Amino acid sequence: MNLRRHAQSGPLISLVPMIDVMLILLVFFMVTSTYLNLDMIPAVRPSEDGTAQASSAPEATLMIRIGADGAMVLQGIALDPAALGQRLTLELAEEPLMQVLILPSGAAPTQSLISVMDAAALAGVQRLRVLRLEARP
Amino acid sequence: MKLTRPKRATQSETIVALIDVVFFLLVFFMLIGRMDATAPFEVRPPVAQTGRDMPAGGITLAIAADGALALDGDDISVADLDAALSAELERQPALRLRINAHRTAELRHVLPYVTRAEALGLRDVVLVVTPERDE
């Protein structure tokens, strides 16, 4: 005779729905998430970089003006970013230690300054300075 | 005619309904919420191919196309900016300031803040850019 009491079964919690929900959550995050792809360009370099740059004087200087309309002017000639990059590459081939100064108009859009800095960086300019406007915003 | 009685819901089916509700609540909060401190105005950073990876940390100064300011997602006036930056700099001496300016913002609304931040003692100021063209 079997006198053992049957073990009472508690409420059954199935893990399958939980796993389904977690998978749905995962897919949801993957599909709907938008990631901002942001980079940065240093505007003020940490002091160790600054001292290193100040230690050797530049051999030559080239100034790029940015007009109020965003036009980039090098030695009196308006250039687009690609042409500016080519020109800077040629200048750097002759004078590798050349310093490039950027003189932007206060009314120029931020994109134009970044485009000039971008072209200079692509051309391999190591010494780049932006002449900042000192007026109150 | 045979009338069958509907089956009673089991315990596991009740839990599934609960999970569904929780899931939809989660979706609701995700849709209306924001996960990062964003500016109260539209900011589309300028495009650059040579930007470096953005390190974590620091505070973000957002500048709108018309020159409006927001510090870490909250509107701030020009007059209050120096005090806010100084207070933050006291707490974090190696503070990084990210200037997230709209690409059409005039430079007279952007560059003076770099100078002011440097004058306050910030030694790590970066301009936020994006490598992706969206037009």
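Note that the coordinates shown come from a computational prediction; the quantities given were computed from them, not determined experimentally.

A. Spotlight on the overall build of chain A. Of the regular secondary structure elements, chain A holds 4 helices and 6 strands. The order of α-helices and β-strands along chain A, N terminus first, is α-β-α-β-β-β-α-β-α-β. Evaluated residue by residue, chain A yields a buried proportion of 31% over its 137 residues. Once local pairs closer than 6 in sequence are excluded, the contacts in chain A between residues at least 24 apart make up 73%.

B. How the structure looks around the confidence of the model for chain A. On average, residues of chain A score 79 in pLDDT, and 68% of them are at 70 or above. Throughout residues 48-54 of chain A the model reports pLDDT below 50, and contacts reaching past four residues in sequence, or to other chains, amount to 2 contacts.

C. Layout of the sheet that holds strand β4 (residues 77-79) of chain A. All names here are of chain A. Spatially, β4-β3-β2-β5-β6 is the arrangement adopted by the 5 strands of the open sheet, whose pairing is mixed. At either end of the open sheet lies a strand with only one pairing partner, and these are β4 and β6 (127-130). The average angle at which neighbouring strand axes cross in this sheet is 30 degrees, direction not considered. Of the pairings in the sheet, the one linking strand β5 (residues 99-104) to β6 comprises 4 bridges and is parallel in character. Bridging across to β6, Gln-99 finds its partner in Arg-127.

D. Just the sheet that holds strand β2 (residues 59-63) of chain B, in detail. Taken in spatial order, the 7 strands line up as β1(B)-β1(A)-β6(B)-β5(B)-β2(B)-β3(B)-β4(B) in an open sheet, and their pairing is mixed. Each end of this open sheet is capped by a strand with a single partner; those strands are β1 (52-53) and β4 (74-75) of chain B. The sheet contact formed by strand β5 (residues 96-101) of chain B and strand β6 (residues 124-129) of chain B spans 4 bridges and is parallel. When the sheet's bridge partners are listed, B:Arg96 is paired in β6(B) with B:Asp124. Across the sheet, helix α2 (residues 78-91) of chain B touches β2, β3 (69-71) and β5 of chain B, and the angle it forms with β3(B) is around 20 degrees.

E. Representation of the interface of chain A and chain B in the model. At the interface, 40 residues of chain A touch 48 residues of chain B. Taken together, the two surfaces of chain A and chain B that pack against each other cover about 4,100 Å², and 67% of this comes from carbon and sulfur. Summed over the shared surface of chain A and chain B, the number is 13 residue pairs in polar contact (both at pLDDT 80 or more). The set of elements that each furnish at least two residues to the side of chain A that touches chain B consists of α1 (16-32), β1 (39-44) and α4 (110-123) of chain A. Residue classes in the side of chain A that touches chain B are distributed as 29 nonpolar, 5 polar and 6 charged. Bridge count between β1(A) and β6(B): 5 bridges; the pairing is antiparallel. Looking at β6(B), one finds that A:Ile41 is bridged to B:Leu127.

The rules we used
- Residues numbered from 1 in each chain as written.
- Chains lettered and ligands numbered in written order.
- Predicted model: local features only at pLDDT ≥ 70, side-chain atom pairs only at ≥ 80, totals over all residues.
- Heavy atoms only, no water.
- Helix = DSSP H or I, 4+ residues; strand = E, 2+ residues; numbered from the N terminus.
- Buried < 20%, exposed > 50% of the residue type's maximum accessible area, 1.4 Å probe, protein only.
- Contact = heavy atoms within 4.5 Å.
- pLDDT = per-residue confidence, 0-100.
- Pairing = 2+ DSSP bridges.
- Axes fitted to C-alpha atoms, helices over the stretch in contact; angles between N-to-C directions.
- Buried area = accessible area lost by both parts, 1.4 Å probe.
- Polar contact = N/O pair within 3.5 Å; in protein donor to acceptor, adjacent residues only side chain to side chain.
- Nonpolar A, V, L, I, M, F, W, Y, C, P; charged D, E, K, R; others polar.

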